[in-house]
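Working through the structure, step by step
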Amino acid sequence: MIGVFDSGYGGLTILRQIRSLLPEYDYLYLGDNARAPYGSRSFDVVYRYTLEAVRALFDRGCEMVILACNTASAKALRTIQQNDLEKLGGEKRVLGVIRPTVEIVPTLTRSQHVGVLATQGTILSRSYELEIHKQNPDISVTGVACPMWVPLVENCEYDTPGADYFVKKRIDQILRIDPEIDTLILACTHYPLLMNKIVKHTPPGVRVISQGDYVAAALRDYLRRHPEMDCRLERRGTARFLTTEDSAKFLENASIFMPGCDIEVEKIML
Ligand code: DGL
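These remarks concern the structure in this document. Everything numeric in this text was worked out from a predicted model, so none of it was measured. (Residues numbered from 1 in each chain as written. Predicted model: local features only at pLDDT ≥ 70, side-chain atom pairs only at ≥ 80, totals over all residues. Heavy atoms only, no water.)

A closer look at the sheet that holds strand S7 (residues 183-186)
What counts here: What makes two strands pair is DSSP finding at least two bridges between them. Helical segments are the DSSP runs of H or I of at least four residues, strand segments are the runs of E of at least two, and each set is numbered from the N terminus. Here, axes are lines fitted to C-alpha atoms. For helices the fit covers the stretch in contact, and angles between N-to-C directions go from 0 to 180 degrees.
Here we have four strands laid out as an open sheet, ordered S6-S5-S7-S8, and parallel in their pairing. Of all the strands in the sheet, just strand S6 (140-145) and strand S8 (207-209) have a single pairing partner and so form its edges. Strand-to-strand twist across the sheet, computed as the mean angle between neighbouring axes with direction ignored, equals 20 degrees. Strand direction decides the pairing type here: strand S5 (residues 113-118) and S6, joined by six bridges, are parallel. The partner of Val114 across the bridge, within S6, is Val141.

Here it is as structure tokens:
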């Protein structure tokens, strides 16, 4: 199976895009809903939680895990790849969502000024800035943390008038810091749920980018380039779901992120 991990429901926006591009594979999703959000947690805590989740997915038969969470990708991916993967099963792989997103940035911006909207953890890690500058050091990157956006989504308040206030506040802030921004990256997998509000408060001419399509395309390319991994993956077109919170609650909220999808959920302890 291909494991897909997020602190909560946000990774479902990535899973949905991955499944629409690669429907033939088997997926196992894990949301650490009991401990979400991760956004303001320290490096050590995010690393420890993420490692526990990766181990749980490997133990249940995943050959590879996508960290469908920018905060986990920013704070834990590198360490897991460098220090833990060998012990966890040398042939297994863990991939993140930052690299696939960053790779397309130079093709999107004309002004060479981009904005990154993300959790506090992702912004403080400066991962986007560092990765974008590896591609093109001339691109100016401004990051703004949006601490209220994940709670709005996790509490199903993403389409309410209250959401307008918090969305507008951060978009105004980032465009005030750098009015030349022409590309805004939604660098948190929860944020696509706020897309209507984000577009509403973003001036025309500024493009808003969400990650799902790019992560899905990067996974397809990865599997093409790594037949030794591809041949280990089963293809029955299934998706199963794990949560560390109540399974009925997960089921109810997950239907918002994956409308029309019939899902089976199991509660686990990490
Ligand atoms: N969905 C996660 C991300 O992409 C963050 C949510 C959280 O704060 O737990 O960063």
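Here the narrative resumes, following the displayed structure.
Quick notes on the environment of Asp230
The following threshold applies: Whether two residues are in contact is decided by their heavy atoms: any pair within 4.5 Å suffices. The definition of a polar contact used here is a pair of N or O atoms within 3.5 Å, where within protein one atom must be able to donate a hydrogen and the other to accept one, and adjacent residues in sequence count solely through side-chain atom pairs.
Mapped onto the secondary structure, Asp230 falls in helix H12 (residues 227-230). Separated by 29 residues in sequence, Asp230 and Pro259 place their C-alpha atoms 28 Å apart. With sequence-adjacent residues up to four places away left out, Asp230 is seen in contact with Tyr25, Leu223 and Arg235. Within the structure, Asp230 has its side chain in polar contact with the side chain of Tyr25 (distance 2.5 Å). Within the structure, the side chain of Asp230 is placed 2.8 Å from the side chain of Arg235, a separation counted as a polar contact.

Let's talk about the sheet that holds strand S1 (residues 2-6)
Read across the sheet, six strands follow the order S4-S3-S1-S2-S9-S10 without closing on themselves; strand pairing throughout is parallel. In the strand order of this sheet, the two ends are held by strand S4 (93-95) and strand S10 (265-267), each with one partner. Taken over all neighbouring pairs, the strand axes of this sheet differ in orientation by 20 degrees on average, direction set aside. Sheet topology places S1 next to strand S2 (residues 27-31); five bridges connect them, and they run parallel. Paired with Asp6 across the bridge in S2 is Gly31. Packing of helix H1 (residues 11-21) onto the sheet brings it into contact with S1, S2 and strand S9 (239-243), and relative to S2 it is tilted by some 170 degrees. Each of strand S3 (64-67) and S4 touches helix H4 (residues 77-89); the most contacted strand, S4, lies at about 170 degrees to it.

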